[in-house]
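Residue-level listing of the chains:
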Amino acid sequence: MSQIDPTAERLIAAARAAARHAHAPYSRFAVGAALLMEDGSVITGANFENASYGLSLCAETVAIATASAAGRLREIVAVGVIGGAMDANGVPTGTAPVGPCGRCRQVINEAAQMGGRDLPVHCGAAEGDAVRSYRLSELLPDAFGPADLGIG
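Residues numbered from 1 in each chain as written. Predicted model: local features only at pLDDT ≥ 70, side-chain atom pairs only at ≥ 80, totals over all residues. Heavy atoms only, no water.

Chemist: Is there a simple way to explain the pairing of strand β1 (residues 29-37) in this structure?
Modeler: Along a regular strand, successive side chains alternate from one face of the sheet to the other. Of all the 9 residues making up β1, 8 are buried; the element is thus mostly covered by neighbouring parts of the structure. Here 5 bridges tie β1 to strand β2 (residues 42-46), and the two strands are oriented antiparallel to one another. Bridge pairing in β2 places L35 opposite I43. Between β1 and the antiparallel strand that follows it, β2, lie 4 residues; G40 among them carries a positive phi value of about 90°. (Buried < 20%, exposed > 50% of the residue type's maximum accessible area, 1.4 Å probe, protein only. Helix = DSSP H or I, 4+ residues; strand = E, 2+ residues; numbered from the N terminus. Pairing = 2+ DSSP bridges.)

Shown next, in the form of structure tokens:
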């Protein structure tokens, strides 16, 4: 991945590592997410499915909740996400970049607004060099969030 931004490359690599720990026995689609924090550290998450599908958690939500639980919600400066169909060994595959679902875009927006940032979101493929980078405002224009409630 030598032709992409070093920050995006680092986050995509961390998201790929996290996706290998996805619990996705129902969809067989693994997702990994990585958050770059102000101090340069990275917090990761993987999707966690549940037999009662509505209780499943997306990788981005897991990572952001982990940051929040550590008192670091406002410190997120960038997001990386990958996803792909799992092979027989549970390893994510595929060369097309995967972006956050609509729910995750809203969750990312919560962190972005609380931190006063328009976060970069790097969307990568499970394999290969394909990466698309966006600002959150491109993925979720006119977002509703804490600022609309006078919080932030």
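Alright, that's what it looks like, and here's the rest.
Chemist: When you look at the packing of aromatic side chains in this model, what are you seeing that I'm missing?
Modeler: One pass over the structure, following the stated rule, counts 1 aromatic pair. A ring pair is formed by Y26 and Y53, whose centres lie 5.7 Å apart and whose planes are at 85°; its orientation type is edge-to-face. Of this pair, Y26 sits in the loop between α1 (6-19) and β1 while Y53 is found in the loop between β2 and α2 (59-69), placing the two residues 27 residues apart along the sequence. With a relative accessible area of 60%, Y53 lands in the exposed category. (Phe/Tyr/Trp six-rings, centres within 6.5 Å; stacked < 30°, edge-to-face > 60°.)

Chemist: What is the right way to read the nonpolar core from this model?
Modeler: The tendency in soluble globular proteins is for nonpolar side chains to be buried side by side. Core analysis: the biggest nonpolar cluster contains 20 residues, and L35, I76 and V79 have the highest contact counts within it. Elements represented by at least two residues in this core include exactly β1, α2, β3 (76-86), α3 (102-115), β5 (120-125) and α4 (136-139). The contact partners of V79, leaving out residues within four places of it in the chain, are L11, A34, L35, I108, L119, P120, V121 and H122. Of all hydrophobic cores here, the second largest spans 15 residues; its members include A15, A22, A30 and A34. (Core = buried A, V, L, I, M, F, W, Y, C linked by side-chain atoms within 4.5 Å. Contact = heavy atoms within 4.5 Å.)

Chemist: Explain the pairing of strand β6 (residues 131-135) here, please?
Modeler: Direction of pairing for β5 relative to β6: antiparallel, over a ladder of 5 bridges. Looking at the pairing, V121 lines up with Y134 of β6. Hairpin remark: β5 followed by β6, antiparallel, with 5 residues in the connecting loop; positive phi at G128, about 85°.

Chemist: How should I be thinking about a nonpolar patch on the surface in this particular structure?
Modeler: Taken together, the side chains of F144, L149 and I151 make up a nonpolar region of the molecular surface, amounting to roughly 330 Å² of accessible area. Tracing the chain through its elements places L149 in the segment after α4. (Patch = residues over 30% accessible without salt bridge, like charges linked within 9 Å, V, L, I, M, F, W, Y side chains within 5 Å. Areas by Shrake-Rupley, 256 points an atom, 1.4 Å probe, with all protein chains shown as cover. Salt bridge = Lys/Arg side-chain N within 4 Å of Asp/Glu carboxyl O.)

Chemist: What is the right way to look at the pattern of salt bridges in this model?
Modeler: When their charged atoms lie close together, side chains carrying opposite charge are able to pair. All told, the structure shown has 3 salt bridges when counted by the stated rule. Ionic pairing is found between R72 and D39, a salt bridge with its closest N-O pair at 3.1 Å. Of this pair, R72 sits in the loop between α2 and β3 while D39 sits in the loop between β1 and β2, placing them 33 residues apart in sequence. Judged by its relative accessible area of 16%, R72 falls in the buried class. Between R72 and E75 there is a salt bridge, with the nearest N and O atoms lying 2.9 Å from each other. One connected set of salt bridges, linked through shared partners, spans D39, R72 and E75.

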